[in-house]
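Examination of the molecular architecture
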Amino acid sequence: MARPWMPTLALVALCALLGVAALATARAQELSPAYYDGSCPNLYDTVRRVIQEARTADPRIPASLLRLHFHDCFVNGCDGSLLLDDTPTMASEKDATPNKGSARGFPVVDDIKAALENACPGVVSCADILAIAAEISVELAGGPYWRVMLGRRDGMTANFNGADNLPNPTERLDELRQKFADVGLDVTDLVALQGAHTIGRAQCRFFQDRLYNLSGTMRPDPTLDQGYLAELQQRCPAAVSDNMALNNLDPPTPDTFDNSYYANIQCNRGQLRSDQAMLSAPEEGAAATVPIVGRFAASQADFFQSFATAMIKMGNIAPLTGGMGEVRRNCRVVNGN
């Protein structure tokens, strides 16, 4: 029997976990919306201009930039590690399965960085560029505004294995909830952030099993609306394997940030498994997500407020601040390389 004064291994582990959480919180508290007010006063105007130009040429850009921020923050925290290219000694996160062939918008980030280096050289980090670009992208698409916390610095290395374990659209709902909880995001944050799919597209390969052979059953997913199933089967024929054809995740308003995504789910027209599972997978813990889906479907204002809150929380995941990391001159490479 352990002596009263000797901490158990479980207690030691708990204290260590609390210490890490406290450190992450302390770093997040160092961030401020006014961080660049003196050093780069035209920051927002510059980023907005570049994104507006890119969006005119490619309406998918807002969704792509929003996804880059999400995929960056879930790996190593919000440190711009996703933007780093391969080197002889480092595998890029861009080549991990959740990113390869689908993560996009990197040239737009390069253009933003170049414009900012011209306006205020060596000042704005690539991690902060992703955070600002996500907010402006949502706003330009008709979504909510939030005050972006700034002051992140850029990481010095990528984490390929971490990127390979990003939340993905084929996972069970309980697995997704755990991955969100691991970075401090609760079930409301999960449902709200899934709402980013209101302006997204998905390749057939990410949901084709639902159309023909769900979990090896040789049958389509019974939770899919039959009419919608027929539409998707026409767009994603079974004969084409690894199909990269694009499909609007929110067909009624594909380029408008609104709450119709949740109405789609209520009609069993959630395209990705991770979308529909929030309503139709009670065995995976959907009892917790169903009322939130209903709230957001009934009130766009409620969705917008919860989405903005979740984005701020996500942006606070383990940022590098103070003397940690660096401010990259080129978002693709660590300074000096």
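What you see is a predicted model, and the numbers here were worked out from it, not measured in a lab.

Things to note about the state of the cysteines
In this structure the tally under the stated criterion is four disulfides. Between the sulfur atoms of C40 and its disulfide partner C120 the distance amounts to 2.0 Å. When the S-S torsion is -45°, as for the bridge of C40 with C120, the disulfide is left-handed. Placement of C40 in the loop between α1 (9-29) and α2 (43-57) and of C120 in the loop between α4 (106-119) and α5 (126-140) is noted, with a sequence separation of 80 residues between them. The side chain of C126 participates in a disulfide bridge whose partner is C331; the two sulfur atoms lie 2.1 Å from each other. On the S-S bond that ties C126 to C331, the torsion sits near -95°, and the link is left-handed. Here C331 lies in the segment after α14 (300-315) and C126 lies in helix α5, a separation of 205 residues in the sequence.

Some words on the UniProt feature "domain: Plant heme peroxidase family profile" (unreviewed entry) in the protein
As annotated by UniProt and renumbered to match this structure, "domain: Plant heme peroxidase family profile" (unreviewed entry) occupies residues 30-335. Between the C-alpha atoms that bound residues 30-335 there is a distance of 24 Å. The span itself is 44% helix and 2% strand.

Describing the packing of helix α13 (residues 290-298) against α14
At a closest axis distance of 5 Å, the pairing of α13 and α14 adopts a crossing angle of 115°. Seen from α13, the contacting residues are R295, F296 and A298; seen from α14, they are Q300, D302, F303 and S306. Residue composition of the contact of α13 with α14, grouped by class: three nonpolar, two polar and two charged.

Focus on the environment of A34
Mapping A34 onto the fold places it in the loop between α1 and α2. Owing to a relative accessible area of 36%, A34 belongs among the partly exposed residues under this scheme. A34 sits 115 residues away from M149 along the chain, and the two C-alpha atoms are 8.0 Å apart.

Conventions used here
Residues numbered from 1 in each chain as written. Predicted model: local features only at pLDDT ≥ 70, side-chain atom pairs only at ≥ 80, totals over all residues. Heavy atoms only, no water. Disulfide = S-S within 2.5 Å. Helix = DSSP H or I, 4+ residues; strand = E, 2+ residues; numbered from the N terminus. UniProt positions renumbered as here; feature names shortened; annotations may be inferred. Axes fitted to C-alpha atoms, helices over the stretch in contact; angles between N-to-C directions. Contact = heavy atoms within 4.5 Å. Nonpolar A, V, L, I, M, F, W, Y, C, P; charged D, E, K, R; others polar. Buried < 20%, exposed > 50% of the residue type's maximum accessible area, 1.4 Å probe, protein only.

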